[in-house]
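Geometric and topological summary
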Amino acid sequence: MADETASHPDDLHRRIDALSPDRRRLLSRRLAELGKAGRQPLPLLPREAGINRLPAATNQERLYFHQQVRPESSAYVVPVALRLTGDLSEDALREALAALVRRHEPLRTGFEVTGADGLVQVVRDPDEVSVPLTVEDVPEDEVPGRLAELAATPFDLERPPLIRTALWRTRDDGEAAGSREGAASWVMALTAHHAVLDGWSLGILVQELIALYAAASEGRPPVLAPPAVQFADFAAWERRQAELPEAARHAAYWRESLTGARVPVLPVGALPRPDGRAARDRAVPVAVSPDLTSVLTRLGQSAEATPFMVLLSAFAVVLERWSGRSDLLLCTATAGRPRPEVERVVGFFARTVPLRLTVDPAGTFDGLLAHTRGRCVDAYAHQELPLHRILGAAGEETGERPLRPTVMVALRDVPMGSIRLPAVSAEVIELPSPDTEFDLSLDLHPTSEGGVSGWLHYSGELFARETAEHVVAAFLEVLGALTGGGDAPLTELAGPAGPLAAYAAAHATDRHLLEVRGALVDVDEVTAALRDQPGVEDAVVLARSDDDGGHELLAYVTGAITGGEALRRLLADRLPGPMVPDHVTALDAFPRTAGGRLDRGALPVPARRRSHDVAVHTPPSGELERILADIWQQTLDVESPGRDDDFFRLGGHSLLATLMVSQVRELFRVELPLHFFIEAPTIASLADLVRERARLGGADADRIAEIIRKVQRMRADEVAAELRT
C-alpha cells in the first residue's frame, strides 16, 4: 500500500482541500479537541464583592497612553449601528442591555494608574454601572449627523461605562413627532472605547443583545451560558506568557526583521488643510465589486494566499508609487485570540502587527504576492509579543528611538452572524471610524453580496481629501488590472499615467520638500506658518541631516518673541507633527553678508535634541533636573540618566512615560500634558516644561525643587521636629 502521509506541506494542503466539507469540519473539531486536551485551563483571578483592580493588558496600556496624549481624540471609538423596523420593545431592549453589562466585565471597567502596579483595570460591580439608553424621535435626514456626533465623542477612560447607546425612532419630514402610523423605523447606535472591546467583541455583543432581547420580549429566561472566563483573566495570563523564554525568540525575530526599517514617506502639505480638530480626520469610501473580488480570491488561491494578502499587496504597490520607496513598513490587525475559551469573550484582544514588505518595481504581482504571503505568515507566528516590545526590539541594535507606524491595512471579518429579532427586521449600517492614530488606515470588510467595502481613513492634518481620493482610485486601478492575471510587471499595473502618480507629480513641482520624521514636508509652508504667528517679523527655516537618514528643521525668527519653545507649541496646534521645527531660535536680527543677503552660515547652530553618541553624557544641572533624573532612574531602572538623554532611547515606552509624567504632576502640583513631554523627551526639556507650567500657576518650580531636596536630606528626627512645630 502506498504511503498516504503527506511528504510536503503543499501535498498536505491539497489533501485537506480535497476533503468534503463535513470531513473538514470534523478534522477541525478533532484538532481543536487535541489542542485543548494538551493545554492547561486559563487560570481565573480572584474577585471580591464591589470594586476589583485587575491587571491591564499590554495593548490597553498603549491605548491609555494615546488617550492621555490626545484626550480630545475619538481615534479609538468603535461604532456600530442597526436599522430596526417593526414593533420594537424599548423595555425589552433596556433589559437586554442590563444583562449584557452583568455578563461582561469590560462593559463596567475603567482604568487608573497606580505606583505599584502601573495601569490597572478597575472593574465595578454590576449594580454600580448601567448603560443608559437614550430614546428620541429624530428626522431621517438627521441620522447621519447624529451617528457621526456620537462616534466622534471621546471617552474618559477613568469613568466607566466606556460604552454609550442611543435609540432613535426615525421619521420623514412630513411625519409628526410621536406618530405611530405604519411600521415603526428605528436606528440603534452603540459606541465603545477600543480599550474595552474590539471589532470581534462588537459582533459578540450584537449577537448576545439579540438573544437577550428575544428572551426579554418573550418573557423567558435567556439560554446563553455564562462566560467561562473574563478578559482580565486573559490579560493576566498574557502578561505571564510575556515573561517566558519564548518571548525572547519572538523578540529576536522582530529585531532581525525590522532593524533598518523606515515608515513610508508620504508627501504632506501639498494642499491647504482645513482648520480645527473636527476636520483633522476623514474617510473616503472604498468598494470592490463581487465580480472583481471573485477574481482576486481565485488569484490568491492559486498562490495559497488569503484575500487579505492580495489586497495588501495591491496597496503596497500604491504606496511604492506614491512614496518612491520600495522598502515599506505597515501594520495590520489580528484577532489576538490564541485560546479557544476566549473566542466568545468580550475584551480588547486585537493585536497590531507590523509588516515589512519589499516592492520590486521590476517584478511581477505574483512575485510580490508570494513575498507578502511569506512576510504575513512569519509575522503571525510571532505576534504574541506586545507592539511596544516589537518596535523597541527593532532599535536595540542601533539605539534608535522606536518606530511609529503610520499606515494600517486590515480586512476585518467581524462575526455579526444573522440578525433576527421577534417582530423586528434588522440590518447593520456601515460606519467609518471617526478618527485614526495612523496617517493612513485602509479598513476593509467582506460584504454580504460577496464584495469588499470599507474606508480609507486619513489624517486631515496631513492630507487633503483630494489626495485620499486619488489613493483610493489608484488602489482600485491596481486591483482592476489584476483581472488579466498576476504575471504582468508591476510597472504595468499602476505607472506614470496613473491618477496618483500624476497628482503627486503635479503638486511636487517647484516645492522645497524634505523628509522629516518619515514624512515629506514643504519648508516654504513651515516658513509661512512661522511668519503668521503673533510677534514674528521674519522667519527662516533650514534643515540639517539627522541620524535616521532624514532631516531636522531649524527655525530662526525675529520680532517680539518671548521664547522659541512657546512658539513651537503654537505651531503644533496648526501644523502636522513633522512640520513643527525641532528648534526655534529667536534673534534680534538675522546675520547679513556684505551684500545684504542672509548669511546662513552665521546663524547659530543649536545642539541636537537627541544624541546617539552614548559617550557624550551631560549630568543634570540644578536641583530641579536632579529630582527629575531621580524619577527617570526609578521609572526606567537606569543609572545616572543625562540631561540630554532621550527617554524612549533609554528604554521608555508609553506606559512608563505616563507613569513618569504622573509622578511629576503629583510632586510639583502642575498640569503637565503628556504630549508636551512626548515632543521633547529629555530631562532638560522636561525641566523647562515644569518651570513654565508652574509659572502659569503662580509657583516657582526651582524653589519647589529645593524644598523637596531639603526634605529628602532631613533625618527622621528632624522631620518629626518640623511636624511638631
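Along each chain, numbering runs from 1 in the same order as the chain's sequence is written. Given that the model is predicted, a residue must reach a pLDDT of at least 70 before its local features are reported, and side-chain atom pairs must reach 80 or more before they are shown or counted; all residues, however, enter totals for whole chains, interfaces and linings. Each side-chain value is worked out from all heavy atoms of the structure, with water and hydrogens disregarded.

1. Some details on the overall build of the chain
The secondary structure content of the chain amounts to 23 helices and 21 strands. Only protein chains enter the calculation, and the probe is 1.4 Å; a residue is then buried if its accessible area is under 20% of its type maximum, exposed if over 50%, and partly exposed in between. Burial analysis of the chain (725 residues in total) assigns 49% to the buried set. Considering only intrachain contacts with a sequence separation of at least 6, the fraction spanning at least 24 residues in the chain is 75%. Here the open area of atoms and residues is found with the Shrake-Rupley method and a 1.4 Å probe, where only the protein chains shown may cover a residue. Approximately 33,700 Å² of the chain is accessible, and the part contributed by carbon and sulfur atoms is 51%. Helix numbering and strand numbering both begin at the N terminus, where a helix is a DSSP run of H or I of at least 4 residues and a strand a DSSP run of E of at least 2. We call two residues in contact whenever any of their non-hydrogen atoms come within 4.5 Å of each other.

2. What about the side chain of E61?
Locating E61 in the fold gives a position in helix 3 (residues 58-69). In this structure E61 comes out as buried when scored by relative accessible area, which is 7%. When sequence neighbours within four positions are dropped, the list of residues in contact with E61 reads L119, R239, S654 and L655.

3. Let's talk about the sheet that holds strand 4 (residues 118-123)
In a beta sheet, neighbouring strands pair by backbone hydrogen bonds and run either parallel or antiparallel. Any two strands with at least two DSSP bridges between them are considered paired. On the basis of which strands lie adjacent, the open sheet formed by three strands has the order 1-4-3 and antiparallel pairing. Strands at the two margins of the open sheet, each flanked by one partner only, are strand 1 (52-55) and strand 3 (109-114). Strand-to-strand twist in this sheet, taken as the mean axis angle between neighbours without regard to direction, amounts to 40°. Taken together, the four bridges between strand 1 and strand 4 define a ladder with antiparallel strand orientation. Interaxial angle, 0 to 180 degrees, is taken between N-to-C directions of lines fitted to C-alpha atoms, where a helix line uses only the stretch in contact.

4. Section: helix 10 (residues 307-323)
Helix span is expected to be 1.5 Å times the residue number reduced by one. An ideal rise of 1.5 Å per residue puts 24 Å on 17 residues; helix 10 measures up with 24 Å between its terminal C-alpha atoms. With 15 of 17 residues buried, helix 10 is to be regarded as a mostly interior element. At the C-terminal side of helix 10, G324 shows a positive phi close to 80°.

5. Some details on the confidence of the model for the chain
Note that predicted coordinates carrying low pLDDT should not be read in detail. Summarising the model, the chain shows a mean pLDDT of 82, and 82% of its residues fall at 70 or more. The quantity known as pLDDT measures the predictor's confidence residue by residue, on a range of 0 to 100. Confidence scores differ between elements of the chain, with helix 1 (residues 9-18) showing the lowest mean pLDDT of 53 and strand 1 the highest of 96. Scored below 50 in pLDDT, residues 1-11 shows five contacts in the model against residues more than four places distant or in partner chains. In the model, residues 269-280 has pLDDT below 50 throughout and makes 31 contacts with residues more than four positions away in sequence or in other chains.

6. Considering the sheet that holds strand 13 (residues 420-421)
Pairing in this open sheet of six strands is mixed, and the strands run 5-6-7-2-14-13 from one edge to the other. With one partner strand each, in any of the chains shown, strand 5 (133-139) and strand 13 form the two edges of the open sheet. Sheet analysis places strand 5 next to strand 6 (residues 163-171), joined by seven bridges and oriented parallel. Opposite E136, over in strand 6, you have W168 as the bridge partner.

7. Digging into the pairing of strand 12 (residues 407-411)
Of all five residues in strand 12, four are buried, a share of seventy percent or more. Sheet topology places strand 12 next to strand 15 (residues 440-446); five bridges connect them, and they run parallel. Each bridged residue has a counterpart across the sheet, and for V407 the counterpart in strand 15 is L440.

8. So, the packing of helix 9 (residues 290-302) against helix 10
Any two packed helices are characterised by the angle at which their axes cross and by the distance between the axes. For the pair helix 9 and helix 10, the least separation of the axes is 8 Å and the interaxial angle reads 105°. For the element pair helix 9 / helix 10, the angle class is roughly perpendicular. Contacts between helix 9 and helix 10 involve L296, T297, L299 and G300 from the former and P307, V310 and L311 from the latter. Its residues placed into classes, the contact of helix 9 with helix 10 shows five nonpolar, two polar and no charged. Oblique is the label for any angle not under 35 degrees, not over 145, and not in the 65 to 115 range, which are roughly parallel, roughly antiparallel and roughly perpendicular in turn. Under the convention adopted here, Pro, Cys and the residues Ala, Val, Leu, Ile, Met, Phe, Trp and Tyr are nonpolar, Asp, Glu, Lys and Arg are charged, and Gly plus all remaining residues are polar.

9. Overview of the nonpolar core
Nonpolar core, defined: a set of buried Ala, Val, Leu, Ile, Met, Phe, Trp, Tyr and Cys residues in which side-chain atoms within 4.5 Å join the residues together. Counting 96 residues, the largest nonpolar core has L197, F647, M660, V664, F668, F677 and L686 as its most contacted members. Examining the composition of this core, we find that nine residues originate from one element, helix 6 (residues 199-217), more than from any other. Membership of the second largest hydrophobic core comes to 62 residues, among which are V284, F315, L357 and L444.

10. What about the pattern of salt bridges?
Think of a salt bridge as a Lys or Arg side-chain nitrogen and an Asp or Glu carboxyl oxygen that are within 4 Å of each other. Here the structure, examined in full by the defined rule, presents 31 salt bridges. Among the ionic pairs, R47 bridges to E105, the shortest N-O distance being 2.9 Å. With a gap of 58 residues between them, R47 in the loop between helix 2 (21-37) and strand 1 and E105 in the loop between helix 4 (90-103) and strand 3 connect regions that are remote in the sequence. What makes R47 partly exposed here is its relative accessible area of 30%. One salt bridge connects D717 with R715, and the closest N-O pair in it is separated by 3.2 Å. Linked by salt bridges that have partners in common, E623, R626, D630, R709 and R713 make up one network.

11. Observations concerning the side chain of N59
For N59, the location among the structural elements is in helix 3. Among the residues examined, N59 registers a relative accessible area of 11% and is labelled buried. If near-sequence neighbours (up to four positions away) are discounted, N59 is found in contact with F348, F349 and A350.

12. Things to note about the packing of aromatic side chains
The criterion for an aromatic pair is that two Phe, Tyr or Trp rings (for Trp, the six-membered ring) have centres within 6.5 Å, with stacked assigned to planes under 30 degrees apart, edge-to-face to planes over 60 apart and tilted to the rest. According to the stated counting rule, one finds eight aromatic pairs in the structure shown. With 5.6 Å between their ring centres and 35° between their planes, F234 and W237 make a pair best called tilted. With a gap of three residues between them, F234 and W237 both fall in helix 7 (residues 231-241), about one helical turn apart. W237 shares its class with F234; the two are buried. Summarising the aromatic geometry, the rings of F315 and F475 are spaced 5.7 Å apart at their centres and angled 85° between planes, so their arrangement reads as edge-to-face.

13. Some words on helix 9
With 13 residues, helix 9 extends 18 Å from end C-alpha to end C-alpha; this agrees with the ideal 18 Å at 1.5 Å per step. Residues of helix 9 that are buried include every one of L292, T293, L296, L299 and G300, and no others. For helix 9, the arc enclosing every buried residue in end-on projection is 120°, short of the 170-degree limit, so these residues lie on one face. Counted as exposed and oriented over 90 degrees from the buried face of helix 9: D291, Q301 and S302. Two residues or fewer past helix 9, E304 is found with a positive phi of approximately 55°. Each C-beta atom gives one direction from the helix axis, and the arc is the one those directions make.

14. As for the pairing of strand 11 (residues 351-358)
Burial runs high along strand 11: seven of the eight residues are buried. Taken together, the eight bridges between strand 10 (residues 327-334) and strand 11 define a ladder with antiparallel strand orientation. Bridging across to strand 11, T332 finds its partner in V353.

15. Concerning the environment of V428
Within the secondary structure, V428 sits in strand 14 (residues 424-429). Classification of V428 as partly exposed rests on a relative accessible area of 37%. For the pair V428 and M188, spaced 240 residues apart in sequence, the C-alpha to C-alpha distance is 9.7 Å.

16. Topic: unusual backbone geometry
In this model, P160 is joined to P161 through a cis peptide bond whose omega is 5°. Relative to the elements of secondary structure, P161 occurs in the loop between helix 5 (143-151) and strand 6. Its identity is not glycine, yet A423 carries a phi of approximately 65°, on the positive side. Here A423 lies in the loop between strand 13 and strand 14. Since its relative accessible area comes to 61%, A423 is described here as exposed. Residue D637 is not a glycine yet carries a positive backbone phi of 60°. Position of D637 relative to the elements: it lies in the loop between helix 18 (622-636) and helix 19 (654-668).

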